[in-house]
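Now for the letters of each chain:
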Amino acid sequence: MAVPAPPASTPSIGDALGEEIARLQEFIGLLQREQQLLGGRDTEALLALSENKNALANSLAELSRARDQRLKALGLAAGREGMQVWLSRRNAKDGERQAWARLLELATTARDLNALNGNLIGMHMQHNQQVLAALLSAADNAATYGPDGQQQAGLGGRILGKA
């Protein structure tokens, strides 16, 4: 069964690489901004950036799927393997080879930045858990005074704010 060719309005693989490169550069910019924000305490800016980053990641995934569909329509494998065959079969122009190499380079940069940001988030979470544990421990060991005016250790099972 023959796979139908993509519609004429669909950009060629070579033309679509430019769009992927532009979106990846934008994504890397967001990852770099995220890294800066992780050093501060602006959680609202991080939340907004996270929403943009997720939308852009979905767009990148769609562009990659579309490229893979174009390769499959030509009877080639998806991903790197198919792209290598596509580039060699058509005696690709230097611009297409350079665009593919740039796309791979940017993808590696994005992967590395994303991993680094994930590590930073993990460190922040660990720090927050340690601070919370210290606060809870201090609250459990805090000296309080009972109804008789005598000092008591711990909270005695009472919830703070209740009489």
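This structure is a prediction, so every number in the text was calculated from the model and none was measured.

(A) Examining the nonpolar core more closely. Membership of the largest hydrophobic core comes to 25 residues, with the highest contact counts inside it found for M83 and W86. Mapped by element, the contributors of at least two residues to this core are α1 (13-38), α2 (43-73), α3 (79-89) and α4 (94-141). Ranked by the residues each element gives to this core, the list is headed by α1, at 10 residues.

(B) Molecular detail of the pattern of salt bridges. Tallying each qualifying case throughout the model produces eight salt bridges. Residues R67 and E20 are paired through a salt bridge, measuring 2.7 Å at the closest nitrogen-oxygen approach. Placement of the pair is R67 in helix α2 and E20 in helix α1, with a sequence separation of 47 residues. Residue E26 is joined to R23 by a salt bridge in which the shortest nitrogen-to-oxygen separation is 3.1 Å. A residue pair is termed a helical-turn pair when its members lie 3 or 4 positions apart in one helix, as E26 and R23 do in helix α1 at three residues. Judged by relative accessible area, E26 falls into the partly exposed class, the value being 40%. When salt bridges that share partners are traced, they join E19, R23 and E26 into one network.

(C) Fine view of the confidence of the model for the protein chain. For the protein chain, per-residue confidence averages 84 on the pLDDT scale, and 83% of positions sit at 70 or higher. Predicted confidence is poor over residues 1-8, with pLDDT under 50, and the contacts of this stretch with residues over four places away or in other chains come to six contacts.

(D) How the structure looks around α2. Compared with an ideal rise of 1.5 Å per residue, which puts 31 residues at 45 Å, α2 spans 45 Å between its outermost C-alpha atoms and is within 8% of the ideal. Of the residues one or two after α2, G75 is the one with positive phi, at around 80°.

(E) A look at the side chain of D68. Along the polypeptide, D68 turns up in helix α2. Note on D68: relative accessible area 18%, which makes it buried. Aside from chain neighbours lying at most four places away, what touches D68 is A78 and G79.

(F) The arrangement of the packing of α1 against α2 in detail. Viewed as axis vectors pointing N to C, α1 and α2 meet at an angle of 160°, and their least axial separation amounts to 10 Å. The angle between α1 and α2 places the two elements in the roughly antiparallel class. Where α1 crosses over α2, the two elements pack in a sense that is left-handed. Residues belonging to the contact of α1 with α2 are distributed by class as follows: 17 nonpolar, three polar and nine charged.

(G) Representation of the side chain of E34. Looking at the secondary structure, you find E34 in helix α1. Take E34: its relative accessible area is 5%, and that puts it in the buried class. A distance of 3.0 Å separates a polar atom in the side chain of E34 from a polar atom in the side chain of K53. The contact partners of E34, leaving out residues within four places of it in the chain, are L46, L49, K53 and N117.

Quick notes on the rules
Residues numbered from 1 in each chain as written. Predicted model: local features only at pLDDT ≥ 70, side-chain atom pairs only at ≥ 80, totals over all residues. Heavy atoms only, no water. Core = buried A, V, L, I, M, F, W, Y, C linked by side-chain atoms within 4.5 Å. Buried < 20%, exposed > 50% of the residue type's maximum accessible area, 1.4 Å probe, protein only. Helix = DSSP H or I, 4+ residues; strand = E, 2+ residues; numbered from the N terminus. Salt bridge = Lys/Arg side-chain N within 4 Å of Asp/Glu carboxyl O. pLDDT = per-residue confidence, 0-100. Contact = heavy atoms within 4.5 Å. Expected span 1.5 Å × (residues − 1). Axes fitted to C-alpha atoms, helices over the stretch in contact; angles between N-to-C directions. Parallel < 35°, antiparallel > 145°, perpendicular 65-115°, else oblique. Left-handed = near helix turned anticlockwise from the far one by under 90°. Nonpolar A, V, L, I, M, F, W, Y, C, P; charged D, E, K, R; others polar. Polar contact = N/O pair within 3.5 Å; in protein donor to acceptor, adjacent residues only side chain to side chain.

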